[in-house]
Amino acid sequence: MKILYVTDIHGNEKAYRNLFELGREKGAEAILIGGDISPGFDCSGQRRFIQKFLIPRISDFTESTAKPVFIIMGNDDCKSNMELLEKADKKGMLHFVHQKAVAFRGIWFAGYSCINTTPFLMKDWEKEEKLIARDLEALSKRCDMKRSVCLFHAPPFATLLDVLYDGRHVGSLAIREFIEKKQPLLCLHGHIHESMLMTASIADKIGKTVCINPGNRNIVEIDLRKPESMEMVIGEE
Ligand SMILES: [Zn+2]
């Protein structure tokens, strides 16, 4: 199964247009969006964007192609707007998978938005590591992790995917330990935009699990039979 993954679009309309266009062109079986979906930090502005731009674009794609879109929010998305995605999910327009797992063609798609505590501004999605560990344990009971693609906004701690501009590793230890123990089929992350620039890598391995953080707005095409041979399309400014 071929999927397209993108994260941290932060409301860039052109990036969304490119994503759905590429999804059609490549005949992707599914599109996954890894959080930080809306622009700016103002909740009513974000709400308008999700209502007027994002949900119509997604439902247009899923209706015309019959291919699913799996989406989570990230730490820069106001949680108060989550209900918009939940409603769109109920109408069958998209799969909002925060703390949920959805099966599609023999693969589970499991999502989680929360991040470990950071100095960043918005706090809606921050949690202590031990609470993240507890949530993920609960999530793992809803699916078969060995056949799961995990869509987790925060990257695992001390990898090529969680390096800040100052060289510090700021990923989640609970997420790392979860991947070590459960060994999902594939893990998709975001959150730390600059990590790929700092480490010159968009992928790392924890045990047998390939983990990917492609940076903001870059689209990755992944064949789930061989996730290591991914292809990246650089996002435009
Ligand atoms: Zn971001």
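Anyway, here's the lowdown on the structure attached to this text. Model, not experiment: these values are computed from the prediction.

Cut-offs and rules
Residues numbered from 1 in each chain as written. Predicted model: local features only at pLDDT ≥ 70, side-chain atom pairs only at ≥ 80, totals over all residues. Heavy atoms only, no water. Donors = N, O, S within 2.8 Å, 3.2 Å for Na, K, Ca; no water. Tetrahedral: all angles 85-135°; square planar, octahedral: opposite > 155°, others 65-115°. Helix = DSSP H or I, 4+ residues; strand = E, 2+ residues; numbered from the N terminus. Buried < 20%, exposed > 50% of the residue type's maximum accessible area, 1.4 Å probe, protein only. Axes fitted to C-alpha atoms, helices over the stretch in contact; angles between N-to-C directions. Parallel < 35°, antiparallel > 145°, perpendicular 65-115°, else oblique. Contact = heavy atoms within 4.5 Å. Nonpolar A, V, L, I, M, F, W, Y, C, P; charged D, E, K, R; others polar. Pairing = 2+ DSSP bridges. Salt bridge = Lys/Arg side-chain N within 4 Å of Asp/Glu carboxyl O.

Moving on, we come to the coordination of the zinc ion. At 2.1 to 2.2 Å from the zinc ion lie its protein donor atoms, namely D8 (OD), H10 (NE2), D36 (OD) and H193 (NE2). With four donor atoms in place around the zinc ion and angles of 89 to 174 degrees between them, the coordination shape is irregular. Written as a sequence motif, the donor arrangement for the zinc ion is D-x1-H-x25-D-x156-H. Of the two residues, D8 is situated in the loop between β1 (2–6) and α1 (13–26) and H193 in the loop between β10 (186–188) and α6 (195–199); the sequence distance between them amounts to 185 residues. Given a relative accessible area of 24%, H193 falls into the partly exposed group.

Moving on, we come to the packing of α1 against helix α2 (residues 43–65). Orientation of α1 relative to α2, taken along the N-to-C sense of each, is 5 degrees, at an axis distance of 11 Å. Between α1 and α2, the crossing angle belongs to the class labelled roughly parallel. Here E13, Y16, R17, F20, G23 and R24 of α1 come into contact with α2, specifically with F49, F53, L54, R57, I58, D60, F61, S64 and T65. Here the residues of the contact of α1 with α2 are counted per class, giving seven nonpolar, three polar and five charged.

Strand order across the open sheet formed by six strands is β4-β3-β2-β1-β13-β14, with mixed pairing between neighbours. This sheet does not close on itself; its edge strands, each paired only once, are β4 (95–96) and β14 (231–233). Bridge count for strand β2 (residues 30–34) against strand β3 (residues 69–72) is four bridges, and the pairing is parallel. Paired with L32 across the strands is F70, a residue of β3. α2 rests against β2 and β3 of the sheet, and its axis sits at about 155 degrees to β3.

Spatial ordering of the open sheet is given by β5-β6-β9-β10-β12-β11, a layout of six strands whose pairing is mixed. Each having just a single partner strand, β5 (101–104) and β11 (203–206) make up the two edges of the open sheet. For this sheet, the mean inter-axis angle between neighbouring strands, taken without regard to orientation, is 20 degrees. With three bridges connecting them, β10 and strand β12 (residues 209–212) associate as parallel partners. Residue pairing across strands places L188 opposite I212, the latter belonging to β12. Strands in contact with helix α4 (residues 129–140) are β5, β6 (107–112) and β9 (148–152); relative to β6, the strand with the most contacts, it is inclined by about 155 degrees. Across the sheet, helix α5 (residues 173–182) is in contact with β9, β10, β11 and β12; its angle to β11 comes to roughly 60 degrees.

Turning next to the pattern of salt bridges. In total, this model carries 19 salt bridges according to the counting rule given. E231 is the partner of K26 in a salt bridge, and the nearest nitrogen-oxygen pair spans 3.9 Å. Linking K26 in helix α1 with E231 in strand β14, this pair joins segments that are 205 residues apart in sequence. Accessibility expressed as a relative area gives 33% for K26, which makes it partly exposed. Residues K87 and E83 are paired through a salt bridge, measuring 3.1 Å at the closest nitrogen-oxygen approach. With K87 and E83 both in helix α3 (residues 82–90) and four residues apart, the pair spans about one turn of that helix. By sharing partners, the salt bridges in this structure join E137, K141, K181 and K182 into a single network.

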